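This is what each chain is made of:
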Amino acid sequence: MDKIFDFIINMPNRLRLTLILLLITINYIAEFLVKRSVLKVYRRTESAEEAMHKLRIYNQYILAILQIVTIVPVQFLVVKYFMRYAKIGRIIFMILVPFVFLMIVNVGQLLIINKTYKRIRGTTESLFNQIRDIASTLLLILVPIGVIGTVSSFADGLDIKSEALEGIIAAATPITMMFLFNLTLPFLYPKLLKAVPLGDENLRELLDQLFAKAGMKRAQLYQWPTKAKKVANALVVGLIKPKVFISDYFLENAEPSQVEAIIAHEVGHLKHKHLLKRLLYIVAGLCELFIVGYLLEWYENHTGQEINLYLGIAILLVPFLLYISLGLLQYYRKQEKQADEFVLKIGVHPEVLISALLKLGRLNHMVPKLKKLDERFQTHPSMARRIEQIEKISGFKYELEL
Ligand SMILES: [Zn+2]
């Protein structure tokens with residue numbers, strides 16, 4: 001291990017640069033192959049849904065993983081230039097390097113797939129806006145990590161005598177920062193999405209009634225421009241004063257009753273306090289991580305036996321990673337089901353809800369049905385599964401028009 005590290009530190013700069021370029025190129029080649037395969041599906045089926053389904057599968061299971069896998073060696077290759085700086089340098093390294101690398105990879109991949117994507121989906125979004133979206137998504141992930149890293153490293157610098165107290169501070173810092181970050185989201189989102197208050201007054205009145213029916217204070221309603229990128233969606237952010245966002249592409253293409261059904265679903269998330277519960281789910285995972293880490297250390301100190309490094313890492317990380325990935329996704333899907341149930345409970349007709357979901361799927365060019373294994377890796381159940389659940393709860397049978 002040390003030998004490899006020495007080699008990386010001392011390798012000639014030309015080799016270093018070549019390796020970095022190679023890692024970037026691997027990502028580009030993968031996107032080329034994806035483009036070819038997606039086009040093939042599109043030509044064979046003439047279905048935008050099938051082509052987009054293929055693209056999502058590749059994006060989620062190959063391209064995203066390839067990016068994560070290639071970023072690790074890139075970090076190692078450039079770490080040399082940051083070693084001389086103190087803490088702040090290291091934190092900049094943790095954010096800036098992934099940001100620059102991921103921008104180069106993602107913008108390049110966008111340029112490769114863009115024409116094909118636009119042709120299949122008929123979108124018209126400008127390249128500039130798409131790049132801006134990539135940058136803001138990356139920053140939204142990397143900046144919180146950097147801020148948590150910075151605050152944690154300052155907490156580390158405090159001279160605390162008690163080991164237990166030190167452990168508690170180490171766990172409490174990221175958790176507190178996560179809550180604080182969540183509190184900033186309602187202010188960040190309108191700017192990020194370029195959202196404006198919902199314009200249609202009749203619709204606003206209709207939607208406001210949903211909050212009254214749910215026995216809740218009404219949330220602010222926004223619309224955000226997505227016609228150029230053809231995104232039909234609604235979402236809710238904010239733990240304390242929540243805001244509900246509806247994409248104008250959906251508003252333009254859906255009946256008011258369908259918009260009502262989709263917003264009732266978001267109200268269901270609020271009524272069940274789903275956002276807070278998601279955060280608590282993650283906090284519980286972090287607490288587990290710190291407690292197991294603490295126990296492992298305690299075991300070593302009290303028995304004098306050293307736990308094998310790899311075994312220790314496995315005990316510490318495997319359950320945590322499963323809990324935070326597949327477990328969290330399963331928890332999300334359970335909440336989606338609950339939110340759909342709430343829509344029916346509040347008096348929306350099952351037929352309206354089902355037609356709204358189908359419209360959402362059609363506008364986004366989604367296939368209604370997913371493979372069972374694929375379904376496990378999604379935040380939302382497939383449309384087919386959601387419709388099945390709605391039919392089961394309501395006893396209503398939807399006549400699918402083919
Ligand atoms: Zn939902």
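Every value quoted in this text rests on a predicted model; they were computed, and no experiment measured them.

Q: I tried to follow the overall build of the protein on my own but got confused; where do I start?
A: Each helix and strand counted, the protein has 14 helices and four strands in total. Along the three orthogonal principal directions, the C-alpha set of the protein runs to about 65 × 50 × 40 Å. Sequence-distant contacts in the protein: of pairs separated by 6 or more residues, those separated by 24 or more amount to 72%. Here the protein displays about 23,400 Å² of accessible surface, and carbon together with sulfur accounts for 65% of that area.

Q: Whenever I open this one, the pattern of salt bridges confuses me. Can you help?
A: Here the idea is simple: oppositely charged side chains can pair when their charged atoms come close. Counted by the stated rule, this structure contains nine salt bridges. Two residues, R56 and D374, come together in a salt bridge whose shortest N-O distance is 2.7 Å. A residue pair is termed long-range when its members are at least 10 positions apart, and R56 in helix α3 (residues 48-78) and D374 in helix α13 (residues 372-375) qualify at 318 residues. According to the relative accessible area criterion, D374 is buried, its value standing at 6%. Across the pair R386 and D340 runs a salt bridge, and its minimum N-O distance is 2.9 Å.

Q: So what exactly am I meant to see when it comes to the sheet that holds strand β4 (residues 243-247) here?
A: Hydrogen bonding along the main chain pairs the strands of a sheet, whether they run parallel or antiparallel. Spatially, four strands are ordered β1-β2-β4-β3 in an open sheet, and the strand pairing comes out mixed. Each edge of the open sheet is held by one strand with a lone partner, namely β1 (196-197) and β3 (234-237). Alignment of strand β2 (residues 220-224) against β4, held across five bridges, turns out to be parallel. The partner of W224 across the bridge, within β4, is S247. Against the sheet, helix α6 (residues 163-193) touches β2, β3 and β4, its axis set at about 20° to β4.

Q: Sorry, what's going on with the environment of I68 here?
A: Mapped onto the elements, I68 comes out in helix α3. Distance in space between the C-alpha atoms of I68 and L102 is 9.3 Å, their sequence separation being 34 residues.

Q: Teacher, can you tell me more about the coordination of the zinc ion here?
A: Around a metal, the idealised angle for a tetrahedral arrangement of four donor atoms is 109.5 degrees; for an octahedral arrangement of six donor atoms it is 90 or 180 degrees. Protein coordination of the zinc ion is provided by H265 (NE2), H269 (NE2) and E336 (OE), with donor distances spanning 2.0 to 2.1 Å. Considered as a linear motif, the donors of the zinc ion on their single chain read H-x3-H-x66-E. Note that H265 and H269 are positioned in helix α9 (residues 256-271) at a spacing of four residues, about one turn of the helix. Across the pair, exposure class does not vary: H265 and H269 are buried alike.

Reading the values: the criteria
Residues numbered from 1 in each chain as written. Predicted model: local features only at pLDDT ≥ 70, side-chain atom pairs only at ≥ 80, totals over all residues. Heavy atoms only, no water. Helix = DSSP H or I, 4+ residues; strand = E, 2+ residues; numbered from the N terminus. Contact = heavy atoms within 4.5 Å. Areas by Shrake-Rupley, 256 points an atom, 1.4 Å probe, with all protein chains shown as cover. Salt bridge = Lys/Arg side-chain N within 4 Å of Asp/Glu carboxyl O. Buried < 20%, exposed > 50% of the residue type's maximum accessible area, 1.4 Å probe, protein only. Pairing = 2+ DSSP bridges. Axes fitted to C-alpha atoms, helices over the stretch in contact; angles between N-to-C directions. Donors = N, O, S within 2.8 Å, 3.2 Å for Na, K, Ca; no water.

Honestly, that's just the spatial picture; any functional story needs more than this.
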